[in-house]
Amino acid sequence: MRASVMRAQHRPEAGRAAPLQSMRHPNRLAVVLVIASGLALTACGTSAGRVTAVSATRWTPARHIRRVLDLSMPRRDGSLIVATSGRLALLRPDGTLRSFGAGVGGYSSPGGEEPYIALSSGRRVPGASCRFNPDALYVLRLSRPPGVTEVDAGGRVRVFANLPARGLENGIAFDDTGRFGHRLLVTATAGSRTSVYAIDCRGVTTTVTRGAPKIEGGIAVAPATFGRFAGDLIAPDENSGRIYAIAPDGRSRLLADSGLPHGGDVGVESAGFVPTGFGAGWSALVADRLTPGNAHPGDDVILRIDARTLAAAGVRGGQLLVATEGGAYTDAIACAGSCAVRHVADGPAVAHLEGHITFTPPA
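All values reported here derive from a predicted model rather than from experimental measurement. (Residues numbered from 1 in each chain as written. Predicted model: local features only at pLDDT ≥ 70, side-chain atom pairs only at ≥ 80, totals over all residues. Heavy atoms only, no water.)

S.K.: Got a minute to help me understand the state of the cysteines in this structure?
M.R.: Tallying each qualifying case throughout the model produces 2 disulfides. Sulfur-sulfur distance for the disulfide between C130 and C201 comes to 1.9 Å. On the sign convention where negative means left-handed, the S-S torsion of about 90 degrees between C130 and C201 marks this disulfide as right-handed. Of the two residues, C130 sits in strand β10 (residues 130-131) while C201 sits in the loop between β16 (193-199) and β17 (205-213), which places them 71 residues apart along the sequence. Comparing C130 with C201 shows no difference in burial state: the two are buried. Note on cysteine connectivity: C335 is disulfide-linked to C339, with sulfurs 2.0 Å apart. Disulfide C335-C339: the torsion about the S-S bond is 110 degrees, which places it as right-handed. What makes C339 buried here is its relative accessible area of 3%. Each bonded cysteine in the protein chain gets a number by its place in the sequence, and the pairs come out as 1-2, 3-4. (Disulfide = S-S within 2.5 Å. Helix = DSSP H or I, 4+ residues; strand = E, 2+ residues; numbered from the N terminus. Buried < 20%, exposed > 50% of the residue type's maximum accessible area, 1.4 Å probe, protein only.)

S.K.: Sorry, what's going on with the pattern of salt bridges here?
M.R.: Two side chains bearing opposite charge may form a pair once their charged atoms approach each other closely. Here the structure, examined in full by the defined rule, presents 13 salt bridges. One salt bridge connects D346 with R58, and the closest N-O pair in it is separated by 3.9 Å. On the criterion of sequence distance, the pair formed by D346 in the loop between β27 (339-345) and β28 (353-360) and R58 in the loop between β2 (31-35) and β3 (60-64) is long-range, its members being 288 residues apart. Overall, the relative accessible area of 0% leaves D346 in the buried class. Put simply, D135 and R76 hold a salt bridge, and the shortest N to O gap is 3.1 Å. With D135 in the loop between β10 and β11 (137-141) and R76 in the loop between β4 (68-71) and β5 (80-84), this pair connects stretches of sequence that are 59 residues apart. The class for R76 is exposed, based on a relative accessible area of 67%. Residues joined in a network through salt bridges with shared partners are R67, E113, E114, R289 and E354. (Salt bridge = Lys/Arg side-chain N within 4 Å of Asp/Glu carboxyl O.)

S.K.: Explain the sheet that holds strand β14 (residues 168-174) here, please?
M.R.: Two pairing modes exist for strands in a sheet, parallel and antiparallel, and in both the strands are linked by backbone hydrogen bonds. The sheet built from 4 strands is open, its strands ordered β14-β15-β16-β17 with antiparallel pairing. The strands lining the two open edges of the sheet, one partner per strand, are β14 and β17. Recorded for the sheet is a direction-independent mean angle of 20 degrees between the axes of neighbouring strands. Taken together, the 7 bridges between strand β15 (residues 184-190) and β16 define a ladder with antiparallel strand orientation. Residue pairing for β16: L184 is matched across the bridge by I199. (Pairing = 2+ DSSP bridges. Axes fitted to C-alpha atoms, helices over the stretch in contact; angles between N-to-C directions.)

S.K.: Please clarify how the environment of N294 should be interpreted in this entry.
M.R.: Its place among the elements puts N294 in the loop between β23 (283-288) and β24 (301-306). Spatially, the C-alpha atom of N294 lies 8.2 Å from that of D265, the residues being 29 residues apart in sequence. Those residues in contact with N294 that sit more than four places away from it in its chain are D265 and H352. (Contact = heavy atoms within 4.5 Å.)

As structure tokens, then:
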């Protein structure tokens with residue numbers, strides 16, 4: 001099936017971080033046709049907007065954490081759970097860091113480079129007669145059998161769900177909008193196709209699709225205000241720079257082409273929706289993991305942009321932020337009747353992003 005795909009007129013070369021000046025495109029109105037074998041893809045059908053390098057808007061180091069991989073959304077006490085060195089830690093609003101889920105019977109990753117995490121907000125699952133425990137953390141289990149591990153609010157660990165051995169688990173997010181029934185969503189990619197699983201609060205797993213495009217990284221569910229993609233699972237593909245939307249019925253649509261540098265360990269990796277009410281005192285955070293020998297070796301830090309700086313770049317609540325693994329080049333995507341993509345920030349050239357973009361309120 002043919003589908004319209006938004007692209008920048010001049011894309012940075014795949015596999016390389018784009019120099020700042022190469023991202024100053026006069027417009028992104030070029031539309032091309034792509035043959036998407038076996039996939040029903042549709043684009044937003046509008047200009048993606050002007051792409052400019054915003055040198056004043058930068059991700060900057062906020063906190064050194066060894067082998068930082070992913071960050072949860074804030075718990076009820078304001079703390080973030082940090083995946084780091086195969087373990088977990090609590091990062092408090094005052095900046096102090098302490099181990100979490102440690103000790104006998106505590107959490108330790110059984111293996112795999114990227115066991116991403118997602119924090120429950122305690123939603124009830126319709127039809128399951130239960131709810132996810134508030135502040136419980138769910139971690140991808142990349143060993144055999146693959147699945148998800150639960151770490152409750154007190155740090156106690158249990159096997160939550162097993163998944164079919166179909167490719168590599170590479171994304172995890174909660175459905176807080178409700179179109180997937182407030183279930184936990186997990187992606188697993190094999191070759192050029194991705195399976196999406198929805199898991200209820202009893203660990204019962206349903207396959208949403210086995211035919212989504214190849215995706216990876218910090219997946220997120222779109223809020224109700226995100227136009228015709230509201231409630232869809234939004235996921236990036238680092239190899240092409242495209243952002244996909246996967247509906248509860250398993251259909252995949254092309255949301256946008258980021259126009260950012262793309263390729264393995266380079267392209268769009270991290271994503272997160274800006275909360276409603278995002279304003280003074282808030283921050284956006286993302287993990288920058290040290291990865292020796294990589295073209296973007298990272299720095300073992302949490303990177304930060306404050307809300308005032310993002311607002312000055314045109315970022316508003318309800319928009320999607322996506323950032324590249326290499327260099328933290330960042331777009332904001334707004335979808336109402338149509339979608340628009342705006343380049344809003346850049347990171348240190350050495351940055352090597354992993355996991356989700358998360359947002360913290362004033363301490």
